[in-house]
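Next come the chains, spelled out residue by residue.
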Amino acid sequence: MKKILTALMIVCTFVLIGCGGGKGTDGKFRIVTSFYPMYLHAINLTKGVEGVEVVNLTAPQTGCLHDYQITTEDMKTLAGGDVFVANGFGMESFLDKAAEVSDLKVIDLSKAEKINPVETDGEVNPHVWLSITYAKQQVIELCNQLSQIDPDHSIDYKKNALDYVTKLDALREEMHDQLDFLPNKDIVTFHEAFPYFAKEFDLNIVAVIEREPGTEPTPKELAETIDKLNTLSVKVIFTEPQYSPSAAQTIANETGAKIYTLDPIVTGEAVPANADENMNTLKAALQ
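Heads up: these notes are all about the structure in this document. What you are looking at is a predicted structure, and each value in this text was computed from that prediction instead of being measured.

A separate point is the packing of helix α2 (residues 36-45) against helix α5 (residues 132-149). The geometry of α2 relative to α5 is characterised by a closest axis approach of 10 Å and an angle of 55 degrees between their N-to-C directions. In terms of orientation, α2 and α5 fall into the oblique class. Handedness of the α2/α5 crossing: right-handed. Packed against α2, whose contacting residues are Met38, His41, Ala42 and Leu45, the element α5 presents Ala135, Gln138, Val139, Leu142, Cys143 and Leu146 at the interface. Split into classes, the residues belonging to the contact of α2 with α5 amount to eight nonpolar, two polar and no charged.

Orientation of α5 relative to helix α6 (residues 154-179), taken along the N-to-C sense of each, is 180 degrees, at an axis distance of 10 Å. The pairing of α5 with α6 is recorded here as roughly antiparallel in orientation. Side by side, α5 and α6 meet where Ile132, Thr133, Lys136, Val139, Ile140, Cys143, Leu146 and Ser147 of the first sit next to Ser154, Tyr157, Lys158, Ala161, Tyr164, Val165, Leu168, Asp169, Leu171, Arg172 and Met175 of the second. The class makeup of the residues in the contact of α5 with α6 is 12 nonpolar, three polar and four charged.

On to the environment of leucine 179. If you trace the backbone, leucine 179 turns up in helix α6. Assessed through its relative accessible area of 1%, leucine 179 is described here as buried. Spatially, the C-alpha atom of leucine 179 lies 6.8 Å from that of lysine 283, the residues being 104 residues apart in sequence. Apart from the residues within four sequence positions on either side, leucine 179 is in contact with Lys185, Phe201, Met279, Leu282 and Lys283.

Spanning 26 residues, α6 covers 37 Å between terminal C-alpha atoms, matching the ideal 38 Å at 1.5 Å per step. If you check which residues of α6 are buried, you get Ser154, Tyr157, Asn160, Ala161, Tyr164, Val165, Leu168, Leu171, Met175 and Leu179. Contacts from the buried residues of α6 go to β1 (29-33), α2, β2 (52-56), α5, α7 (195-200) and α10 (271-286).

Next up on the list: the pairing of strand β9 (residues 236-239). In summary, the side chains of a regular strand alternate between the two faces of the sheet. Of the two faces of β9, the one carrying Val236 and Phe238 and the one carrying Ile237 and Thr239 are both buried. As paired strands, β9 and strand β10 (residues 258-261) are joined by four bridges and run parallel to one another. By the bridge assignment, isoleucine 237 is partnered in β10 with isoleucine 259.

Turning our eyes to something else, we now look at α2. For the α-helix, the turn length of 3.6 residues means that residues three or four positions removed from each other point alike. Among the 10 residues of α2, eight are classified as buried, and the element is accordingly described as predominantly covered. Of the positions making up α2, those classed as buried are Tyr36, Pro37, Met38, Leu40, His41, Ala42, Asn44 and Leu45. Where α2 is buried, its residues contact β1, β2, β3 (83-86), α5, α6 and α10.

Attention shifts here to the environment of leucine 40. One can find leucine 40 in helix α2. For leucine 40 and valine 266, which are 226 residues apart along the polypeptide, the C-alpha to C-alpha distance reads 9.5 Å.

Definitions and cut-offs
- Residues numbered from 1 in each chain as written.
- Predicted model: local features only at pLDDT ≥ 70, side-chain atom pairs only at ≥ 80, totals over all residues.
- Heavy atoms only, no water.
- Axes fitted to C-alpha atoms, helices over the stretch in contact; angles between N-to-C directions.
- Helix = DSSP H or I, 4+ residues; strand = E, 2+ residues; numbered from the N terminus.
- Parallel < 35°, antiparallel > 145°, perpendicular 65-115°, else oblique.
- Left-handed = near helix turned anticlockwise from the far one by under 90°.
- Contact = heavy atoms within 4.5 Å.
- Nonpolar A, V, L, I, M, F, W, Y, C, P; charged D, E, K, R; others polar.
- Buried < 20%, exposed > 50% of the residue type's maximum accessible area, 1.4 Å probe, protein only.
- Expected span 1.5 Å × (residues − 1).
- Pairing = 2+ DSSP bridges.

Written out as structure tokens, the structure is:
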């Protein structure tokens, strides 16, 4: 009987090892993402991969994490994860705190190759995922790191990464075909989310309404934006669906500008769907 019990214990040990060693009691390999753009990267890389689960740390409607304060519940979520995926570049102010969670591997996608960050008011702008070129680099970096941390699923991650990068390439080509020859390229945006997007498609951001979402522009800033808009042949303002357009409406009332919506892809269903909407919006606004 002793020999049988010993043999069973050995078999059980090997079964548990083969399950991927996730922190959860179900043995799953758990990937926690900081916010929606990182969640999109992760779910595309793990699509159809058995034993791997992706959990988004923040609510989908949170938007950009500029001043997000990590909660006790968030810390519990991180403690139950194997990997934490972050955008980096200062987007997640709580990144150091997350790194202190025992056994949690942190993947900081600011380490991706070929991303040249731009600065806004002397600070690195973190919205790199809005450049399709840089989003691709983030996906490649995530694939490489996941493959090292979880080698059992390396082939699956690489196959999914290739499929997703191919879709992003096709999307970028289509958007260039549609946007490169627009007669007007000057835009006013809601906040500092779009420099990488503008650079990718040769748009010129002449003014930004709110430097930080939720921080109303001062009367002087409003006046400056109004003056800049009045110099443009096509007066358009782009708000974001995650934030109140009240300041933009005030400026539109003073200038006769039309208001359109550009999505920084921090909520929604998928990158291609949101990007297609942005493309069609720009075409309608800037023709």
